[in-house]
Amino acid sequence: ATTECLRLAVPGGDPEREIEENHGFEMLISLCSNRVDGDDIYRAWRRTVIEHPLLTNWSATVLTDPWLAGVERIDEIIEAFYDRAPESLAIHGELPICTVSKTVLRRDGRGFHTESRDPEAIRRARAGEHDTVRYRPGMLYLKRAFRTFWLLPGLTELDLAARLAGLGWTTSLWPQLDRVDLVAVSTDKTRRIAIDVKDYFSPARLSARFSGFKAYEADHACFLAIPDYLTAADPRFAARFEALRASAGKPPIDLRTASDLVAELGVA
């Protein structure tokens, strides 16, 4: 099933609920809410699952992170976020890995299928271009809900933060336990922005689901960012999004592709 089909198949049309009701997610939020370093722990874990959907040795990956090393019950959180990697995904003892998302590729009638919706990732998979990891029993693979709703948009979030930092902005990902995806302050401290990143193929679903920027609207310029490939696939994505919000009586939202937003914020 495609990523978009999986979004539509979630009961009640609420994809975030599948994550919010996950035992590990509840444990993580509870733990972070009760610690002064909770934001740092949450941020470290969020980055870990985005960068490491496949764990060949979780202790070597997780326990080397200074924020995660001392977290109690980290093994239970890992167990709730990850499943055992099925041996059936291996080909001749090796797992084919998407070069863009680091998720495991699957064979289909046209070659390999990637969960990433980035056209370059799809092109490489179809062409048979991939990395490989030797399969071994006990390897862990990030659960599908977190691959779909954390990992895939998270790649854009990490890239956006890195590009803004390269322009001199001070950035912070997922502040206040993810009240918004990214906040940034300009080099001269005169501009403060808040960014939410969304990866929906349908502007109608994005318009219906986006609920705003919470408390950040009071003192931040707020932007809704989407991956560049969404407007490449649908050049009228932004116009349709704006029209749909207007027809529903919702306030306008500044929507930009990630690259357009970086270009705009790079202008003094």
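Not measured: the values here are computed from a predicted model.

(A) View of the overall build of the protein chain. When helices and strands are counted, the protein chain shows 13 helices and twelve strands. Relative to the compact-globule value of 18 Å for 268 residues, the protein chain shows a C-alpha radius of gyration of 19 Å, a close match. When the backbone C-alpha atoms are referred to their principal axes, the protein chain occupies close to 50 × 45 × 40 Å. Across the 268 residues that make up the protein chain, the buried fraction comes to 46%. Pairs at least 24 apart in sequence give 65% of the contacts found in the protein chain among residues at least 6 apart.

(B) Molecular detail of the sheet that holds strand 11 (residues 221-226). Strand order in the open sheet formed by five strands is 8-9-10-11-12, and the pairing between neighbours is mixed. Pairing within the sheet leaves two strands with one partner each, and these edge strands are strand 8 (170-173) and strand 12 (255-257). Sheet twist, expressed as the average angle between the axes of neighbouring strands with direction ignored, equals 30 degrees. Taken together, the five bridges between strand 10 (residues 192-197) and strand 11 define a ladder with parallel strand orientation. In the strand pairing of strand 11, D196 is matched with L224.

(C) Spatial organisation of the packing of aromatic side chains. Counted under the stated rule, the structure contains eight aromatic pairs. A ring pair is formed by W45 and F81, whose centres lie 5.2 Å apart and whose planes are at 80 degrees; its orientation type is edge-to-face. With a gap of 36 residues between them, W45 in helix 4 (residues 38-51) and F81 in helix 6 (residues 74-81) connect regions that are remote in the sequence. The residues W45 and F81 share a single accessibility class, namely buried. The interplanar angle of 70 degrees and the centroid separation of 5.1 Å between the aromatic rings of F210 and F213 together place this pair among those described as edge-to-face. Take F210 and F213: they sit in the same class, and that class is buried. Among the aromatic residues, those joined into a cluster by ring pairs are F25, Y42, W45, F81, Y82, F146 and W150. One residue, R46, lies across the ring of W150, its end atom 4.1 Å from the ring centre. Looking at R117, its charged tip hangs above the ring of F201, at a distance of 4.2 Å from the centre.

(D) Structural context of the pattern of salt bridges. What the rule picks out here adds up to 18 salt bridges. In this structure, R46 and D178 form a salt bridge, with 2.8 Å as the shortest nitrogen-oxygen distance. Note that R46 is positioned in helix 4 and D178 in helix 9 (residues 175-178), a separation of 132 residues in sequence. Here D178 falls in the partly exposed class, since its relative accessible area comes to 24%. With a shortest N-O distance of 2.6 Å, D199 and R117 are connected by a salt bridge.

(E) Quick peek at the nonpolar core. Counting 47 residues, the largest nonpolar core has W45, F81, Y82, W150, L160, L164 and I195 as the members making the most contacts within it. A total of ten residues in this core trace back to one element, the largest contributor, which is helix 8 (residues 144-166). Contacts of Y82, omitting those with residues within four sequence positions, involve W45, T48, V49, H52, P53, L55, L140, Y141, L142 and K143. Residues V183, C222, L230 and F237 belong to the second largest nonpolar core, which totals 17 residues.

(F) Molecular detail of the environment of F241. Among the secondary structure elements, F241 is positioned in helix 12 (residues 237-247). Separated by 34 residues in the primary sequence, F241 and S207 have C-alpha atoms spaced 5.9 Å apart. For F241, the contacting residues outside a window of four places in its chain are P203, L206, S207, L224, I253 and L255.

About the cut-offs
- Residues numbered from 1 in each chain as written.
- Predicted model: local features only at pLDDT ≥ 70, side-chain atom pairs only at ≥ 80, totals over all residues.
- Heavy atoms only, no water.
- Helix = DSSP H or I, 4+ residues; strand = E, 2+ residues; numbered from the N terminus.
- Rg over C-alpha atoms; globule rule 2.2 N^0.38 Å.
- Buried < 20%, exposed > 50% of the residue type's maximum accessible area, 1.4 Å probe, protein only.
- Contact = heavy atoms within 4.5 Å.
- Pairing = 2+ DSSP bridges.
- Axes fitted to C-alpha atoms, helices over the stretch in contact; angles between N-to-C directions.
- Phe/Tyr/Trp six-rings, centres within 6.5 Å; stacked < 30°, edge-to-face > 60°.
- Lys NZ or Arg CZ within 6 Å of the ring centre and 35° of its normal.
- Salt bridge = Lys/Arg side-chain N within 4 Å of Asp/Glu carboxyl O.
- Core = buried A, V, L, I, M, F, W, Y, C linked by side-chain atoms within 4.5 Å.

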